[in-house]
Amino acid sequence: EAVAADWMLEFACYCLCRHFGERCATEFRRWGDVAQALINGLSKIPTHQKKMVYLCQLLIRIAKGKNLECHFENAQRISPLESALSFWTLLEREEIKLEKLHEDIRRLIQIQIVAVHMENGYFNEAAEVLERLFTDSESDKPLRVKLATIIRSKDPYVPLLQNFSYNLLISKIKSYIELFMKENETNFLIQAATKQVESKGLGATALQNKTVNVNENDERNLEPEQRFVLSIILLREMLGQKLTTSTFSIFKFWLFYGCLNNLQNVEKHGDALACGRRRQRWTYKEDLELKSGIREFGVGNWTKILVHGDFNNRTSVMLKDRWRTL
């Protein structure tokens, strides 16, 4: 159950990050609920999961940042963005600072806390917020003075608030997410299962007759189908007969979601994939789509390129082969 909880939280966090970046509100809310439920179930946040938990909490609050009727803290005067700022502070403590990006995000959150109150006509509350944000009179003194002047003017459309807008905050958070996902690109289930299997001397048996061979250096290169099969193999060896009905149901549910993107691709491109693929020539338009995807996402990110591009019944493997040909 501990392994399942770890894996599910990692998966929920990555889904949350992806849907935040894609501005898919419905899916973001759904995965926000999943992540929050998993976090609420933790009696104590494990050290290795702190960044993940803090990031989930940050994104959930940023998404609700303009809704002052929404409260995450017991004190109703604390706005969603103030709550987000506290989690941003915790995140900063957990990593080596990316000085410029961290500073930009912190400043943007501070400015937007004031801006959102002013946009809603809560000028007195904006002044109170300013006092809470800068308890040390010497910290960020120039910014504090500027914001105090803006609050007194009661004009929410001054250049400072427009230049450091909410959209810019979202953009900076997206940049941070991209860095986070690159630095933490792992598959928790495969890693945890591999260690457990090897510790019991089952590694060779589990994979001896399989075409998939994996180690920590090449596991990222596995195709989604291979990763999925390997997860099941290792999970079976790791847990043996210890699976309870409820735990097995949880694993089946999350293993299903591990292949969700592939299933969505089948649905998106019709029944051709299910009925067998006929070899078809690549069109000039598809080549342009592939090149455009490479420019945007980089070589190797075939699933992302496939999802965001307009291809005719292609798979990520087909994209990789075509790029090699080109």
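Located above this text is the structure these notes cover.
Quick summary incoming for the structure in this document. What you see is a predicted model; the values in this text were computed from it and never measured. The residue count restarts for each chain, going from 1 along the sequence in the order it is written. Local features in a predicted model are, by the rule used here, given only for residues with pLDDT of at least 70; side-chain atom pairs are given and counted only at 80 or more, and totals for whole chains, interfaces and linings are based on all residues. Think of the side-chain values as coming from all heavy atoms in the structure, minus any hydrogens and water.

**Points about the overall build of the protein**
A run of H or I in DSSP becomes a helix once it reaches four residues, and a run of E becomes a strand once it reaches two; helices and strands are each numbered from the N terminus. Each helix and strand in the protein was counted, giving 17 helices and 0 strands. Across the 326 residues of the protein, 41% fall into the buried class. Any two residues whose heavy atoms approach within 4.5 Å at even a single point are treated as in contact. Long-range contacts, defined here as pairs at least 24 residues apart, represent 66% of the contacts in the protein between residues at least 6 apart. To measure how exposed things are, a 1.4 Å probe is used in the Shrake-Rupley method; for residues, cover is taken only from the protein chains shown. Per element, the accessible surface of the protein, about 18800 Å² overall, is 50% carbon and sulfur. We call a residue buried when its accessible area falls under 20% of the maximum for its residue type, exposed when it is over 50%, and partly exposed in between, using a 1.4 Å probe and counting protein chains only.

**Re the packing of helix H6 (residues 123–133) against helix H7 (residues 141–153)**
Between H6 and H7, the shortest axis-to-axis distance is 10 Å and the interhelical angle comes to 170°. One finds that H6 runs roughly antiparallel with respect to H7. Taken as a pair, H6 and H7 cross one another with a handedness that is left-handed. Counted together, Phe123, Ala126, Ala127, Leu130 and Glu131 of H6 and Arg144, Leu147, Ala148 and Ile151 of H7 form the full contact between these two elements. Each residue receives one of three labels: charged for Asp, Glu, Lys and Arg, nonpolar for Ala, Val, Leu, Ile, Met, Phe, Trp, Tyr, Cys and Pro, and polar for the others, Gly being one of them. Its residues assigned to classes, the contact of H6 with H7 shows 7 nonpolar, no polar and 2 charged. Here an angle of 0 to 180 degrees is reported between the N-to-C directions of two axes, which are lines fitted to C-alpha atoms, with helices fitted over the stretch in contact. Here is the rule for angles: anything less than 35 degrees is roughly parallel, anything more than 145 is roughly antiparallel, 65 through 115 is roughly perpendicular, and the remaining ranges are oblique. By convention, the crossing between two helices is left-handed when the near helix turns anticlockwise from the far helix through less than a right angle, and right-handed when the turn is clockwise.

**Description of the pattern of salt bridges**
Pairing between side chains of opposite charge can happen when their charged atoms approach one another. A carboxyl oxygen of Asp or Glu within 4 Å of a side-chain nitrogen of Lys or Arg is what we treat as a salt bridge. According to the stated counting rule, one finds 12 salt bridges in the structure shown. The partner of Asp310 in a salt bridge is Lys285, and the shortest N-O contact between them spans 3.3 Å. With Asp310 in the loop between helix H16 (302–308) and helix H17 (316–325) and Lys285 in helix H15 (residues 284–297), this pair connects stretches of sequence that are 25 residues apart. Salt-bridge contacts for Arg322 lead to Asp287; the nearest nitrogen and oxygen are separated by 2.8 Å. A residue pair is termed long-range when its members are at least 10 positions apart, and Arg322 in helix H17 and Asp287 in helix H15 qualify at 35 residues.

**What about the side chain of Arg61?**
Position of Arg61 relative to the elements: it lies in helix H3 (residues 50–63). An unpaired buried charge is present at Arg61: no salt bridge exists, and Glu73, the closest side chain of opposite charge, is 4.2 Å distant. Look past the residues within four positions of Arg61 in its chain and what remains in contact with it is Phe72, Glu73, Pro80, Ser83, Ala84 and Phe87. In this tally, Asp and Glu contribute negative charge and Lys and Arg positive charge; neither His nor the terminal groups of the chain are included.

**Things to note about the nonpolar core**
Here, nonpolar core means buried Ala, Val, Leu, Ile, Met, Phe, Trp, Tyr and Cys residues that are tied together by side-chain atoms lying within 4.5 Å of each other. Within the largest apolar cluster, 59 residues are counted, with the highest numbers of intra-cluster contacts made by Leu55, Leu58, Ile62, Leu147 and Leu169. Among the elements that line this core, the one with the most residues is helix H5 (residues 99–119), at 10 residues. With sequence-adjacent residues up to four places away left out, Ile62 is seen in contact with Phe20, Leu81, Ala84, Ile109, Tyr166, Leu169 and Ile170. Membership of the second largest hydrophobic core comes to 8 residues, among which are Trp282, Leu290, Phe311 and Leu319.

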